[in-house]
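Chain by chain, the residues:
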Amino acid sequence: MGSEMCIRDSGVGAFRAGGACDDAAARAAASLVDAAGSGGSGSMGWAARSWLRDKSTRWQDGRLSNFDYLMALNTLAGRSTSDLTQYPVMPWVLRDYSSETLDLSQPGTFRDLSKPMGAQTAERARRFAERYAGWDDASIPPFHYGTHYSSAALVTSFLVRLQPFSAMHRALQEGRFDHADRLFHSVREEWALASGERGCDTGCVKELIPEFYYMPDFLLNAHELPLGRRQDGLRVGDVELPPWARGCAATFVRAMRASLESAYCSAHLHGWIDLVFGHKQTGRGAEEALNVFYYLTYAGRADAASASDPAERARIVGQLCHFGQTPSQLFAAPHAQRHTLLRAQLPPLLERWERTARLRPRAEHAEPAGAIREIAVVARPAAGMARGG
């Protein structure tokens, strides 16, 4: 199966789609686990619980965007943009990177947020399930995935066109850029690789980083870095964007942010939270969801300091630094579904995204990151979406 190695608050007003207030937020807050020993910080204290309870309530009430809530969860789970080995993780939301027009009202446009990347296709899910069931090494707990959805190499690969990440990428590659065919060069190809649509023989299960939802710059080779030529003879430069982006990095990022804040994503995002930060991260829930990773990626499972064997200590450090770490678990019970669909006051720049993203070429190729503002959560249910709380 491939080569593997073992916040900003929006402050906008909101209303409840169903009218009556329920106690879903209170139930979610009550499900917070102590996460003893995670990240070396001991049990979650009262201040952290209170902070997370407030964020969860604000998100469910529609007073906090999906982006801001996910960043808040990443922060509390020990993720930081200052640490490549524990960089904030964001979901693939879309699965359509080939259409001329992006229709955010169609469920088929979106990735299944209730399943990990390794289970996005039935055939690959079957293969990973068979691996787990047939595992027979008594010294290592069974796992579905030997790779991870977030790692230092993954982050520097996505951000290779920006400094200091290009230098960090070269440092991980013995002073040079990775082979051009392995560099991040196409969004459609990256999705096909990570989701298994390109073939079920790959172990890649990567998720995304926050920059996909707010920063067009990382998609452009503005400094003309020598990233090499692919086997097909094409030189690697700017990232190849989906047809619906019309060759504009800023348009692509606006569309990605609109998809993250869409009605469909808002109604299903709790499923992804369960996988990454919640009750399907470990234990029986993870087994049933095909969401078990190599044991050293989990908080509290590796203690390099206490390893007496230098080789074992080096192996643990190498695993943590280069092959991914799972966030600290924040929820022990299923996360509540977002019950509010709000219509925020939008800048004119984003009004086009009310129902169908019909993109047109823009005079400017890319806009500054400051132009990316709060995106609408469309105030009418998408097909296949549960109503109310």
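What you see is a predicted model; the values in this text were computed from it and never measured. For every chain, the first residue of the written sequence is number 1, and numbering continues from 1 onward in sequence order. Given that the model is predicted, a residue must reach a pLDDT of at least 70 before its local features are reported, and side-chain atom pairs must reach 80 or more before they are shown or counted; all residues, however, enter totals for whole chains, interfaces and linings. No hydrogens and no water enter the side-chain calculation; it runs on all heavy atoms of the structure.

Engineer: In this structure, what is going on with the overall build of the protein chain? I would like to understand it.
Structural biologist: Secondary structure follows DSSP: runs of H or I at least 4 residues long count as helices, runs of E at least 2 residues long count as strands, and numbering of each begins at the N terminus. Counting its regular elements, the protein chain contains eleven helices and two strands. Counting from the amino terminus, helix and strand elements in the protein chain follow one another as α-α-α-β-α-α-α-α-α-α-α-α-β. Areas reported as accessible are Shrake-Rupley estimates using a 1.4 Å probe. Residue values count occlusion only from the protein chains shown. When the accessible surface of the protein chain is totalled, it reaches about 16,600 Å², and 51% of it is carbon and sulfur.

Engineer: For this particular structure, what's the right way to read the environment of Trp135?
Structural biologist: Tracing the chain through its elements places Trp135 in the loop between helix 4 (122–133) and helix 5 (152–158). Only heavy atoms matter for contacts: two residues are in contact if any of them lie within 4.5 Å across the pair. When residues no more than four places from it in sequence are discounted, the contact partners of Trp135 are Ile140, Pro141, Pro142 and Phe143.

Engineer: Before we go on, may I ask you to explain the confidence of the model for the protein chain in this structure?
Structural biologist: Interpretation of this model should avoid reading the predicted coordinates in detail wherever pLDDT is low. Each residue carries a pLDDT value, the predictor's own confidence for that position, ranging from 0 to 100. With 72% of its residues at a pLDDT of at least 70, the protein chain reaches an overall mean of 79. Under a pLDDT of 50 for its full length, residues 1–42 has, in the predicted model, 100 contacts with residues more than four places off or in other chains. Low pLDDT, under 50, characterises residues 342–389; the predicted model gives this stretch 120 contacts beyond four residues in sequence or across chains.

Engineer: Can you help me understand the packing of helix 2 (residues 46–60) against helix 3 (residues 66–76) in this one?
Structural biologist: A pair of packed helices is captured by two measures, namely the crossing angle of their axes and the spacing between those axes. The interhelical angle for the contact between helix 2 and helix 3, taken along N-to-C directions, is 165 degrees, at an axis separation of 10 Å. Between helix 2 and helix 3, the angle is such that the two are roughly antiparallel. The handedness of the crossing between helix 2 and helix 3 comes out as left-handed. Of the residues in helix 3, those in contact with Ala48, Trp51, Leu52, Lys55, Ser56 and Trp59 of helix 2 are Asn66, Tyr69, Ala72, Leu73, Thr75 and Leu76. Axes, fitted as lines to C-alpha atoms, cover a helix only where it is in contact. Angles between the N-to-C directions of the axes lie from 0 to 180 degrees. Angles below 35 degrees are treated as roughly parallel, those above 145 as roughly antiparallel, those between 65 and 115 as roughly perpendicular, and all remaining angles as oblique. In this scheme the crossing of two helices becomes right-handed for a clockwise turn of the near helix relative to the far one and left-handed for an anticlockwise turn of less than a right angle.

Engineer: What is the right way to look at the packing of aromatic side chains in this model?
Structural biologist: Aromatic rings in a pair are described by how distant their centres are and how their planes are angled relative to each other. We call Phe, Tyr and Trp rings a pair once their centres come within 6.5 Å, taking the six-membered ring for Trp, and we label the pair stacked below 30 degrees between planes, edge-to-face above 60, and tilted otherwise. Under the criterion given, the structure shown has 21 aromatic pairs. With a centroid separation of 4.8 Å and 55 degrees between ring planes, the pair formed by Trp135 and Phe143 is classed as tilted. Overall, the relative accessible area of 27% leaves Trp135 in the partly exposed class. Note on Phe143: relative accessible area 2%, which makes it buried. The rings of Trp92, Tyr97, Phe158, Phe184, Trp191, Phe212, Phe218, Trp244 and Phe252 are connected pair by pair, giving a single aromatic cluster. Over the ring of Phe67 we find Arg257, and its NZ or CZ is 4.4 Å from the ring centre. Using a 1.4 Å probe on the protein chains alone, a residue whose accessible area is under 20% of its type maximum counts as buried, one over 50% counts as exposed, and one in between counts as partly exposed. Our definition puts a charge over a ring when NZ of Lys or CZ of Arg is within 6 Å of the ring centre and also within 35 degrees of the ring normal.

Engineer: Which parts of the structure should I look at to understand the packing of helix 3 against helix 9 (residues 263–276)?
Structural biologist: One way to put it is that helix 3 packs onto helix 9 with a least axis distance of 12 Å and a crossing angle of 10 degrees. Taken together, the axes of helix 3 and helix 9 lie roughly parallel to each other. Helix 3 and helix 9 meet at a crossing whose hand is right-handed. Counted together, Asn66, Tyr69, Leu70 and Leu73 of helix 3 and Cys265, Ser266, Leu269, Trp272 and Ile273 of helix 9 form the full contact between these two elements. The residue inventory of the contact of helix 3 with helix 9, partitioned by class, reads seven nonpolar, two polar and no charged. The nonpolar class holds Ala, Val, Leu, Ile, Met, Phe, Trp, Tyr, Cys and Pro. Asp, Glu, Lys and Arg form the charged class, and all remaining residues, Gly among them, are polar.

Engineer: Looking at this model, I keep getting lost on empty space enclosed by the protein. Mind explaining?
Structural biologist: Using protein atoms alone on a 1 Å grid, points that fit a 1.4 Å probe yet trap it form a cavity, whereas open point sets bounded by protein on both sides within 12 Å along at least five of seven lines form a pocket; residues with an atom within 4 Å of a point count as lining. Grid points are joined across faces, edges and corners, and a volume is the space filled by probe spheres set on the points. As a volume, the largest cavity reaches approximately 80 Å³. For the lining of the largest cavity, the class distribution of residues is nine nonpolar, two polar and one charged.

Engineer: Is there a simple way to explain the side chain of Arg131 in this structure?
Structural biologist: Tracing the sequence through the fold places Arg131 in helix 4. Contacts described as polar in this section are N or O atom pairs within 3.5 Å, which, within protein, must combine one atom able to donate a hydrogen with one able to accept it, while residues neighboring in sequence count only if both atoms come from side chains. Within polar-contact distance, the side chain of Arg131 engages the backbone oxygen of His144 at 2.7 Å.

Engineer: What am I meant to see in the side chain of Ser105 here?
Structural biologist: By the secondary structure assignment, Ser105 is in the loop between strand 1 (102–103) and helix 4. Overall, the relative accessible area of 12% leaves Ser105 in the buried class. In this structure the side chain of Ser105 is engaged in a polar contact, spanning 2.6 Å, whose partner is the side chain of Asp103.

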